[in-house]
Amino acid sequence: MWRLRRAAVACEVCQSLVKHSSGTKGSLPLQKLHLVSRSIYYSHHPILKLQRPHFRTSFQQFSSLTNLPLRKLKLSPIKYGYQPCRNFWPARLAARLLKLRYLILGSAVGGGYTAKKTFDQWKDMIPDLSDYKWIVPDIVWEIDEYIDLEKIRKALPDSEDLAKLAPDFDKIVESLSLLKDFFTTGHKLVSETIEASDLLLLLGSPGETAFRATDPGSESDKRYRKVSDKEKIDQLQEELLHTQLKYQRILERLEKENKELRKLVLQKDDKGIHHRKLKKSLIDMYSEVLDVLSDYDASYNTQDHLPRVVVVGDQSAGKTSVLEMIAQARIFPRGSGEMMTRSPVKVTLSEGPHHVALFKDSSREFDLTKEEDLAALRHEIELRMRKNVKEGCTVSPETISLNVKGPGLQRMVLVDLPGVINTVTSGMAPDTKEIIFSISKAYMQNPNAIILCIQDGSVDAERSIVTDLVSQMDPHGRRTIFVLTKVDLAEKNVASPSRIQQIIEGKLFPMKALGYFAVVTGKGNSSESIEAIRDYEEEFFQNSKLLKTSMLKAHQVTTRNLSLAVSDCFWKMVRESVEQQADSFKATRFNLETEWKNNYPRLRELDRNELFEKAKNEILDEVISLSQVTPKHWEEILQQSLWERVSTHVIENIYLPAAQTMNSGTFNTTVDIKLKQWTDKQLPNKAVEVAWETLQEEFSRFMTEPKGKEHDDIFDKLKEAVKEETIKRHKWNDFAEDSLRVIQHNALEDRSISDKQQWDAAIYFMEEALQARLKDTENAIENMVGPDWKKRWLYWKNRTQEQCVHNETKNELEKMLKCNEEHPAYLASDEITTVRKNLESRGVEVDPSLIKDTWHQVYRRHFLKTALNHCNLCRRGFYYYQRHFVDSELECNDVVLFWRIQRMLAITANTLRQQLTNTEVRRLEKNVKEVLEDFAEDSEKKVKLLTGKRVQLAEDLKKVREIQEKLDAFIEALHQEK
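Analysis parameters
- Residues numbered from 1 in each chain as written.
- Predicted model: local features only at pLDDT ≥ 70, side-chain atom pairs only at ≥ 80, totals over all residues.
- Heavy atoms only, no water.
- Helix = DSSP H or I, 4+ residues; strand = E, 2+ residues; numbered from the N terminus.
- Buried < 20%, exposed > 50% of the residue type's maximum accessible area, 1.4 Å probe, protein only.
- Contact = heavy atoms within 4.5 Å.
- Areas by Shrake-Rupley, 256 points an atom, 1.4 Å probe, with all protein chains shown as cover.
- Expected span 1.5 Å × (residues − 1).
- Arc of directions from axis to C-beta.
- Patch = residues over 30% accessible without salt bridge, like charges linked within 9 Å, V, L, I, M, F, W, Y side chains within 5 Å.
- Salt bridge = Lys/Arg side-chain N within 4 Å of Asp/Glu carboxyl O.
- Lys, Arg positive; Asp, Glu negative; His and termini not counted.
- Charge placed at Lys NZ, Arg CZ, Asp CG, Glu CD.

For the rest of this paragraph, the subject is the overall build of the protein. What the protein contains, in helices and strands, is 36 helices and 9 strands. For the protein, with 978 residues in total, the buried portion stands at 43%. For the protein, the proportion of contacts with a sequence separation of at least 24, taken over those separated by at least 6, is 80%. Here the protein displays about 55,400 Å² of accessible surface, and carbon together with sulfur accounts for 52% of that area.

Okay, helix H19 (residues 530-543) next. In a regular helix each residue adds 1.5 Å, so 14 residues correspond to 20 Å; H19 covers 20 Å between its end C-alpha atoms and thus fits that length. Within H19, burial applies to Ile530, Ile533, Glu537, Glu538, Phe540 and Phe541. Projected onto a plane normal to the axis of H19, the buried residues spread over an arc of 165° and lie on a single side.

This part covers the environment of His633. Position of His633 among the secondary structure elements: in helix H23 (residues 631-659). As for His633 and Arg913, which are separated by 280 residues in sequence, their C-alpha atoms are 9.4 Å apart. Apart from the residues lying within four places of it in its own chain, the contact partners of His633 are Glu698 and Arg701.

Take a positive patch on the surface next. Taken together, Lys717, Lys728, Lys941 and Lys944 make up a surface patch of like positive charges. Going through the elements one at a time, helix H26 (716-729) and helix H35 (939-945) are the ones with two or more residues in the positive patch. As for its position among the elements, Lys728 is in helix H26. Exposure remark for Lys728: the relative accessible area of 63% places this residue in the exposed category.

Attention shifts here to the side chain of Gln744. Among the structural elements, Gln744 can be located in helix H27 (residues 736-749). Gln744 sits in the buried class, given a relative accessible area of 0%. Excluding residues that lie within four positions of it along the chain, Gln744 makes contacts with Thr679, Leu683, Pro684, Ala687, Met904 and Thr908.

Moving on, we get to the environment of Thr694. Position of Thr694 among the secondary structure elements: in helix H25 (residues 683-704). Once the C-alpha coordinates of Thr694 and Ser641 are considered, the two residues, 53 residues apart in sequence, prove to be 7.7 Å apart. The contacts of Thr694, once residues within four sequence positions are left out, are Trp634, Ile637, Leu638 and Ser641.

To continue, consider the pattern of salt bridges. One pass over the structure, following the stated rule, counts 40 salt bridges. In this structure, Lys723 and Glu720 form a salt bridge, with 3.1 Å as the shortest nitrogen-oxygen distance. Linking Lys723 with Glu720, this pair stays in helix H26, spanning 3 residues, or about one helical turn. Note on Lys723: relative accessible area 13%, which makes it buried. We classify Glu720 as partly exposed; its relative accessible area is 30%. Put simply, Glu812 and Arg842 hold a salt bridge, and the shortest N to O gap is 3.2 Å. Within this pair, whereas Glu812 is found in helix H30 (residues 801-819), its partner Arg842 is found in the loop between helix H31 (829-841) and helix H32 (848-873), the two being separated by 30 residues in sequence. Taking relative accessible area as the criterion, Glu812 reaches 10% and is therefore assigned buried. The network of salt bridges with common partners includes Arg589, Glu593, Glu605 and Arg961.

Here it is as structure tokens:
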């Protein structure tokens, strides 16, 4: 305080000089002005102009403090300590004895020169604050665009007016009387004046005045100044850090308020208060373009080069945690040490009134503010990943598309890839490592993809694998952003903090990057909320030595700054590349349209889905046509098919055994027993099988028969697949057999032929059956004995040795039958021996089994011929049938048997026809619709069944048109946003 009082007295002296020199006219040169006057002159000199400093680096530094208003930095007052008062009584006596005016003039000139030197020295002592230039808002450097400094300069007084304020040195003598009166007040005032000059000398440069040269304490002042300068720098850095953190908190509060306000505005728009339809957001339009491009695969030299943020890193490096911090929600499944990301996940971040998430192919919204919805979302992502992974694999290249909306989210598209591994562990497929590398390379090879390289800071840098992969894909680091996670653990465990700085600066890795960031992703607790992690991250960096010692810059820390940097880089890359990509797709579209016109000039450009719909309509029309088949047609084909199936059993197992009996009573008894057994066990099942096969045949006939000129063979594979799948799914009604068994049993028990017409029909049916069986027997005998003499002479065919043996055996057996036409169906042992010996006598060696086989066919032919002759005799036997064959040698019980079989076939066919038309055809139609619906949802099935050059060309043409339209709409919206 006493120093300040003395300085105030010195200022009064200067004021008194100014008052006495106020009448001076004219201008003085600048070097003659007072120190204060010169400072004013310099501050308003026309040459002065505020210029923005030139950035030394090409990479823009991102920080949440970029747009803060400029405020003055309040520095704490610096204490210099106490200095002992020095004794200047000899100087005072000398000043009285000498002319004090020379001393005053010399002090004035020397004081001005000393003040100038002091100002230069202070300027050199101030530390280089160029690294903190980002604190000053951009508007300060552009202030000359908003404020006319030239106009302000002209409004200030010129140098002539300012010169009037300076003391008149020519009349300084006139003021000595006042000084004498001043000095008469005693040595106290003189000592105070000299103490004030000492204060100026202390702040000035050393060795400039005689007083400083004679000061015995100058060495201690130098030593004290060195210590105080270091303290000043430390104090400035600490003040700067606290100020920055203060502004950071202010910015976060403002952003939170802005987030709430925007949420209210979006909610009003969402409720329709403004009565306008909300347009699709820019990032949503861009995400749709990427979704369409992910499904586009053709060999037209058009590649997907649209930007994405590709997140890569070693397994458990913190990729998922960084994404969750950017998305502000824990949306990904987590596991301790286990591979959780098994397929790429495309996350589209956009701004919205509510914090929600939804999949591309689903309309369900997950509320990210509710823990149960978050758990359901993580479970759904895990299920989709496991569904994409094929059997025998660990990871899949198929992408899961997820949209996350919320207030305050940065708009961008990120793709989370499976973590890069060094070793394949148990439970993984052997090619897991190679597949992960191929997936990562496929995304990073895009020249416009932004690579977000995640590195775990808590492990040794030498253990990293992903940095080598990133350096191969982007050797110059023009689109790579390096992120060091778990910095809190790194600072705690790493012995040398400078090693972290080397990692952030990219000196420990061969890779280069566009920017380097350090983040903290929580304390390792999976139940931590995003807000808790953000508070922990802010608290850590506020107290971290890495930031206090300037190893890390403020714009390089926190996930908030990382999100701002990535979003800015993403949109810059989008604006630079989207129009070029749109032009390439226009050229591709022109080439595809030209190729279609040259190859298929008369056909419409139907893609796979449109072709499937057309085929679906045709198939449904054919199924409807199946229900229009007439009942008569159904009964005819059912009866014919059923007889073909049971005819062998009827003749071989029922008719032939019964015909071997001696009288009609035994015949009827045998027939009744065998028919009952057949009906109970086999007949209903055979009837249902026949009906189902008949339905299949008719369905296949309608599906496969050509439709004339309108037939398109491109649908053949699809129709065949639908037919097979429908038949596989369709099952006949289980209760049909039970009802059929009762009906068939009642039909076979009836023996009453009502009229001659039914009798004749039964005889006709019997003749057809026997003739068909006789024809089959003749063919079997011919194959057994070989060609007859006519074929041998006309067609030059010969018999084999075995056929010759069969022929000799047949001739011998026929002779035996001629002798005894009533011979039973089986040969006796002595008869076999007789036949064998007769053949041996002619030099033919035969086996008893060969004789039996030949006898079976010979006797069958003999029996069938006899039965046909008997059937012909029974044409006039209806009269005897009505009399029950009383007093008649003609017995036609076999005709009655075939009438019973024929009537059973007719009734069964009628019953099956009713089941077909009333139930089964409708169920079949329903199954066809279900199969078509399943095929419509199975894209792989449609690609497999509807294929060919024509389909692929139409598919590519549709995709390219859709991509071009979406790109044009996105570009238009992008220009409107600018």
